Amino acid sequence: YRRHPIALPANTTFNILCRFGNLAPAIAADTVIKVLLVDDSDDVLLMVSRFLRAQGMVATTTNAPFEVLERIRVDRPDVLVLDLMMPGLSGDAVARFAADGVPVIFYSAADDETLTNVRREHPHARIRRKGGPLRDLAEAVQHTRGAEVR
């Protein structure tokens, strides 16, 4: 244990954890954007949540769409990012029943026809395609608070 600060190389575990959000720098609570990510793919949840945390956001995740109501009540997210195609309950249904007052971004690999229908049913929701730059998704999330993507 050392009492004085030491310089660590950029590739140390500490710096890598800071970069991906596990040890995020202190940010004023009123400026942090809280995001709830809902997707049936654990890989997508991990990748997107790490990217959003690196942007200074608080990203919580669930792969169970039936948990969304409880997670919204407990976590009070600023934005809900939903996959459209999930087993048991679609993101479209989650948005209809659970997202009362919480802005929604659909993050999906659905076909154009499905996305057109979703745009009609949810005219205020944003849609971002999976496989596109994560920066586009982060910008859509941050737009709700007027913040800039780093």
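What you are looking at is a predicted structure, and each value in this text was computed from that prediction instead of being measured.

Asks: Would you explain the side chain of S49 in this entry?
Replies: With respect to the helices and strands, the residue S49 is situated in helix α2 (residues 42-54). Once you skip the residues sitting within four places of it in the chain, S49 turns out to touch L37, V44, A59 and T61.

Asks: Explain the sheet that holds strand β5 (residues 126-129) here, please?
Replies: By way of backbone hydrogen bonds, the strands of a sheet pair with one another, either parallel or antiparallel. The 5 strands lie next to each other as β2-β1-β3-β4-β5, forming an open sheet whose pairing is parallel. For this open sheet the edge positions go to β2 (58-62) and β5, each flanked by a neighbour on one side alone. Going across the sheet, the axis of each strand differs from the next one's by a mean of 20°, ignoring polarity. In this sheet, β5 lies alongside strand β4 (residues 104-108) in parallel orientation, the contact comprising 4 bridges. Considered in β5, the bridge of S108 is made with R129. Contacting β3 (79-82) and β4, helix α4 (residues 91-98) crosses the sheet at an angle of about 170° to β4.

Asks: What is the right way to read α4 from this model?
Replies: Given 3.6 residues per helical turn, the α-helix brings residues three or four places apart onto the same face. Counting buried residues along α4, 6 of its 8 residues qualify, which places the element largely inside the surrounding structure. Listed as buried for α4 are G91, D92, A93, V94, A95 and A98. As for α4, its buried residues are in contact with α3 (68-75), β3, β4 and α5 (112-121).

Asks: Sorry, what's going on with the pattern of salt bridges here?
Replies: A full pass over the atoms with the stated rule returns 8 salt bridges. Taking the shortest distance from any N to any O, the salt bridge between D39 and K130 comes out at 2.7 Å. Taken together, the positions of D39 in the loop between β1 (34-38) and α2 and K130 in the loop between β5 and α6 (134-143) put the pair 91 residues apart, joining distant regions of the chain. With relative accessibility at 3%, the residue D39 sits in the buried group. A salt bridge links D75 to R71, with the nearest nitrogen and oxygen atoms 3.0 Å apart. Of this pair, D75 and R71 both sit in helix α3, 4 residues apart, roughly one helical turn. One connected set of salt bridges, linked through shared partners, spans D39, D83 and K130.

The rules behind these values
Residues numbered from 1 in each chain as written. Predicted model: local features only at pLDDT ≥ 70, side-chain atom pairs only at ≥ 80, totals over all residues. Heavy atoms only, no water. Helix = DSSP H or I, 4+ residues; strand = E, 2+ residues; numbered from the N terminus. Contact = heavy atoms within 4.5 Å. Pairing = 2+ DSSP bridges. Axes fitted to C-alpha atoms, helices over the stretch in contact; angles between N-to-C directions. Buried < 20%, exposed > 50% of the residue type's maximum accessible area, 1.4 Å probe, protein only. Salt bridge = Lys/Arg side-chain N within 4 Å of Asp/Glu carboxyl O.

All we've got here are geometric facts, nothing functional implied.
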